[in-house]
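Now for the letters of each chain:
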Amino acid sequence: MKLIYNLGILLYYALVYIASFFNDKAKKFIQGRKDVFSFIASRIVYNDKFIWMHVSSLGEFEQGRPIIEAIKREHPEYKILLTFFSPSGYEVRKNYDGAEIICYLPMDTSWNAKRFVRMVNPSIAIFIKYEFWGNYLSELKKNNVPTYIVSAIFRKEQVFFKSYGGWYRNFLFNFKHLFVQDKNSQDLLASIGIKNVSIVGDTRFDRVLAIAKASKELPIVEAFKGGKRVLVAGSSWPKDEAFMLPYFNEHPDMKLIIAPHEIHESHLEDIISKLNRPYVRYSKTTPEEAAKADCLIIDCFGLLSSIYRYGEVAYVGGGFGVGIHNILEAAVYGMPVIFGPNYQKFREAVEMVKVGGAFPIQDGAEFAKVVNDLLDTDSDSFNRAAAEARQFVADNCGASDAVLAALFGPKA
């Protein structure tokens, strides 16, 4: 089985290498790993004490970030090595100032794992959520490196819990401790003999709370709001916009801030072509112009988490595709959240629906019904949903502190 695994890693790399001649993301995947060992070696000083954190992409980075920043604040004797698997994470956060070294993870071959662990000699290794690389985990265990997984979530469909998954189950026995999001994950692990497990929840709650506390003042958005009720559409896709924009056109009593997931010019022009009310683009307007518009199009990245604070209700896109985007960035401000039907794999969404802070929809008709109810000034629905959303985030914070206490002991 190990031979098949290693061959699979090499085959995957070969396929990405071929794709790199035609695909920019694949090209970055290959080029980013070309000189990674010399890059790491040039930045390590003898006797440095490193904590290695590995994340897959941007979402997992946001889960790991509260732990990195707590370590830097409370244990400055350690340096941080942060590795990414995916270009979509690395390219966005390669200049993050919370880590001394940021790079791609070399492919999980036996040779790469031995060389990497020997070179870095980490004091602690932390993997986030779904990252299970057999050769790295085995090598860390051989070198007595305490290794943890944080914000993990397990489902019975995973190979670890199949009758033929024995070899893969061994991956999990290499962790000193597993910090999981829910009891179902703990029970599944117990069913295969893994008891070194704690339910601490999801560190993203800590992250969004920190973001909210440090949110930016945005004069353009403040002027745009002008005391009106605002729907904020975050990370929207064309399938979301197909029913959202007609609804907006027909409801002059509300304003719309739309931050599409993709901001290339053709997508922005498509949105504009569907608007029948005055609009402005964030990068091309002033507070004075924005105050006169009904729709504010966010045509740049990095603002959405601060923009949510200016709205009453949030619609988060992706639910008519592979899955919803981050709903916690809106919920932390006490915003009821609406999203499409593909949300079941996101624990926070499932739980928010249960408590009444979030509303899944199947189509435009349901969208209109929910928004009408939430934005009706004579309805109590908004106040109830807003309170539940805010309380849900507050009740689920603290995972980062629990992880740090397990790694380093309770605060003095």
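The structure reproduced in this document is the subject of the present report.

Here is what the cut-offs are and how they apply
- Residues numbered from 1 in each chain as written.
- Predicted model: local features only at pLDDT ≥ 70, side-chain atom pairs only at ≥ 80, totals over all residues.
- Heavy atoms only, no water.
- Helix = DSSP H or I, 4+ residues; strand = E, 2+ residues; numbered from the N terminus.
- Buried < 20%, exposed > 50% of the residue type's maximum accessible area, 1.4 Å probe, protein only.
- Contact = heavy atoms within 4.5 Å.
- Areas by Shrake-Rupley, 256 points an atom, 1.4 Å probe, with all protein chains shown as cover.
- Axes fitted to C-alpha atoms, helices over the stretch in contact; angles between N-to-C directions.
- Parallel < 35°, antiparallel > 145°, perpendicular 65-115°, else oblique.
- Left-handed = near helix turned anticlockwise from the far one by under 90°.
- Nonpolar A, V, L, I, M, F, W, Y, C, P; charged D, E, K, R; others polar.
- Core = buried A, V, L, I, M, F, W, Y, C linked by side-chain atoms within 4.5 Å.
- Phe/Tyr/Trp six-rings, centres within 6.5 Å; stacked < 30°, edge-to-face > 60°.
- Pairing = 2+ DSSP bridges.

## Details of the overall build of the protein chain
Broken down by element type, the protein chain carries 20 helices and 14 strands. C-alpha atoms of the protein chain, sized along the principal axes, occupy 65 × 45 × 45 Å. Within the protein chain, the proportion of its 412 residues that are buried is 55%. Excluding contacts between residues fewer than 6 apart, the proportion of contacts in the protein chain whose partners are at least 24 apart in sequence is 65%. Carbon and sulfur atoms form 54% of the exposed surface of the protein chain, whose accessible area is close to 18700 Å².

## Here we look at the packing of helix α1 (residues 2-19) against helix α2 (residues 24-31)
Contact geometry of α1 with α2 gives a least axis separation of 8 Å together with a crossing angle of 125°. Comparing the axis directions of α1 and α2 gives the class oblique. Judged by the sense of rotation from one axis to the other, the crossing of α1 with α2 is left-handed. Facing α1, whose interface residues are Y12, Y13, V16, Y17 and A19, α2 presents A26, F29 and I30. In terms of residue class, the contact of α1 with α2 is made up of 8 nonpolar, no polar and no charged.

## Let's talk about the nonpolar core
In globular proteins that are soluble, nonpolar side chains generally tend to be buried together. Residues W52, F116, F127, F154, L172 and L189 are the most contacted members of the largest nonpolar core, which totals 44 residues. In terms of residue count, helix α6 (residues 110-120) provides more of this core than any other element does, 4 residues in total. With residues up to four places along the chain from it excluded, the contact list for F154 reads F132, F160, F161, L172, L178, V180, N184, S185, L188 and L189. Grouped together as the second largest cluster of nonpolar side chains are 41 residues, A293, I324, I327 and F339 included.

## Topic: unusual backbone geometry
With phi around 65°, K129 is a residue other than glycine that occupies positive phi space. Relative to the helices and strands, K129 is located in the loop between β4 (124-128) and α7 (134-142). The phi torsion at S235 lies on the positive side, around 55°, for a residue other than glycine. By secondary structure assignment, the location of S235 is in strand β8 (residues 229-236).

## Some points on the packing of aromatic side chains
Across all of its chains, the model carries 35 aromatic pairs by this definition. Seen from their ring centres, Y90 and Y104 are 4.4 Å apart, and the 40° between their planes marks the pair as tilted. Note that Y90 is positioned in helix α5 (residues 87-93) and Y104 in strand β3 (residues 101-104), a separation of 14 residues in sequence. Using a relative accessible area of 17% as the deciding quantity, one classes Y90 as buried. Measuring from ring centre to ring centre gives 5.4 Å for Y247 and F367, while their planes differ by 80°; the resulting arrangement is edge-to-face. With Y247 in helix α12 (residues 238-249) and F367 in helix α18 (residues 364-375), this residue pair connects regions lying 120 residues apart in the sequence. Accessibility assignment for this pair places Y247 and F367 in one class, buried. Taken together, W52, F116, F127, F132, Y136, F154, F160, F161 and F175 form an aromatic cluster joined through their ring pairs.

## Focus on the sheet that holds strand β10 (residues 279-281)
In spatial order, the strands read β10-β11-β9-β8-β12-β13-β14; together these 7 strands make up an open sheet with parallel pairing. In this open sheet, the two edge strands, each paired with only one partner strand, are β10 and β14 (358-360). On average, adjacent strands in this sheet sit at an angle of 20° to one another, irrespective of strand direction. As defined by bridge partners, β8 adjoins strand β12 (residues 313-316) across 4 bridges and the pair is classed as parallel.

None of the figures reported here should be taken as evidence of function without further support.
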